[in-house]
Amino acid sequence: MPLADKFGRQITDLRISVTDRCNFRCVYCRSADPETHMPSANLLTWDEYERLARIMVGMGIRKVRVTGGEPLVRSGVEDFIARLKALGVPDLSMTTNGHLLAERCDRLVAAGLNRINISLDSLDRDKFERVTRTKTFDQVIAGIDAAQASSLRPVKVNAVLVRGLNDDEVEAFASFARDRDLIMRFIEFMPLDADRSWTRDMVVTGAEVHDRISARWPLVPVVHERSETARKFRFADGRGEIGLISPVSQPFCGHCSRLRLTADGKLRTCLFSKEDHDLRFLLRGDATDREIGDEIHAIVAQKEKGH
């Protein structure tokens, strides 16, 4: 039976976190503190992920995004992509920081990956190093170029804008999209930072980004699905596209179609959920697929109206 919540929203998208580990320590991220890493025994195995994905594909999941932490730090992720593709997932994507992407891109494409999102929060090398606490700027740019030269084109590049940190780079990011003919997506800073330093004053709204870019380059709206998180625009006089993701100033909860599976087997009905729903104990017990499916339906019935 297809997944739908009590508000009539069809659930068709699943985010699968395959690890909580990351080779970056971004200042705005929950996983900035390496001491918070889960014990390996707590992580789902690839077989457990595949079983849950198979059950949920049978319930109408059509889009699966593999995430982390940083998914490419977990050995075997390419094989997992191939296993998801073999399940018949029609839209298979990944979010990565790009550090390891240049050397892995061909294998991901061969495994069946359809799309990719790459995080890049500054085009200034020194600022990039301060944000990520790494010296990997060149590797990330190489990863973007490798993906853009593959069947994953057009690449989506994600920047989280933080007032006083990288909000002076909006126009530079737009120019980056035009120069490389890719999709530059601007994401409002959400209260997910490890140090609990978020304030609303630090949020650069999607409306501000739109106004600044359109003042320099006219933008044309692009039609998108109601459940998509980004408002999309193309440049009227050239290549490239931008997307505006505004969960703080313009929440898109009314058309949300997403579930998130954490690396230790918790199902989350919203990024901001205060409650996780444990599926690992069912996977490691003697529960049948039917019983797991019934539990997933019960969890979806509790999906929040909004964050």
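Above this text sits the structure in question.
Residues numbered from 1 in each chain as written. Predicted model: local features only at pLDDT ≥ 70, side-chain atom pairs only at ≥ 80, totals over all residues. Heavy atoms only, no water.

(A) Local environment of the overall build of the protein chain. Each helix and strand counted, the protein chain has 9 helices and 12 strands in total. Counting every position in the protein chain, which comprises 307 residues, the buried fraction comes to 52%. A separation of at least 24 residues holds for 71% of the contacts in the protein chain among residues at least 6 apart in sequence. (Helix = DSSP H or I, 4+ residues; strand = E, 2+ residues; numbered from the N terminus. Buried < 20%, exposed > 50% of the residue type's maximum accessible area, 1.4 Å probe, protein only. Contact = heavy atoms within 4.5 Å.)

(B) Focus on helix H6 (residues 170-180). Regarding H6, the residues found buried are Val170, Phe173, Ala174, Phe176, Ala177 and Arg178. Buried-residue contacts for H6 involve helix H5 (137-148), strand S5 (156-161), strand S6 (183-188), helix H7 (206-216), strand S8 (230-235) and strand S9 (241-245). Note on H6: the residue one or two positions beyond its end, aspartate 181, has a positive phi of about 55 degrees.

(C) Structural context of the pattern of salt bridges. Summed over the entire model, instances satisfying the criterion amount to 24 salt bridges. Aspartate 5 serves as the salt-bridge partner of arginine 9, at 2.5 Å between the closest nitrogen and oxygen. The pair formed by arginine 9 and aspartate 5 is uniform in burial state, with each residue classed as buried. Where arginine 15 meets aspartate 13, a salt bridge forms, and the shortest distance between an N and an O atom there is 3.7 Å. (Salt bridge = Lys/Arg side-chain N within 4 Å of Asp/Glu carboxyl O.)

(D) Just the side chain of asparagine 166, in detail. Along the chain, the position of asparagine 166 falls in the loop between S5 and H6. What makes asparagine 166 buried here is its relative accessible area of 0%. A distance of 2.7 Å separates a polar side-chain atom of asparagine 166 from the backbone oxygen of aspartate 121. Apart from residues no more than four positions distant in its own chain, asparagine 166 is found in contact with Asp121, Lys127, Val160 and Leu161. (Polar contact = N/O pair within 3.5 Å; in protein donor to acceptor, adjacent residues only side chain to side chain.)

(E) The nonpolar core, seen in detail. Ranked by size, the top nonpolar core spans 76 residues in total, and within it Phe186, Ile213 and Ile296 carry the most contacts. With 6 residues, the single largest contributor to this core is helix H1 (residues 46-57). If we skip the residues at most four places from it in the chain, isoleucine 213 touches Val170, Ala174, Phe186, Leu219, Phe235 and Ile242. Counting 7 residues, the second largest nonpolar core, distinct from the first, contains Val160, Phe189, Ala230 and Ile245. (Core = buried A, V, L, I, M, F, W, Y, C linked by side-chain atoms within 4.5 Å.)

(F) Focus on the environment of glycine 68. Residue position: glycine 68 is located in the loop between strand S2 (63-67) and helix H2 (77-86). A relative accessible area of 23% places glycine 68 in the partly exposed class. Between the C-alpha atom of glycine 68 and that of serine 17, which follows or precedes it by 51 residues, the distance is 4.6 Å. Setting aside its immediate chain neighbours within four residues, glycine 68 contacts Ser17 and Thr19.

(G) Expanded view of the state of the cysteines. Following the criterion strictly, the structure yields 0 disulfides and no others. Note on cysteine 26: no disulfide assigned, nearest cysteine sulfur contributed by cysteine 22 at a separation of 6.2 Å. Taking relative accessible area as the criterion, cysteine 26 reaches 11% and is therefore assigned buried. (Disulfide = S-S within 2.5 Å.)

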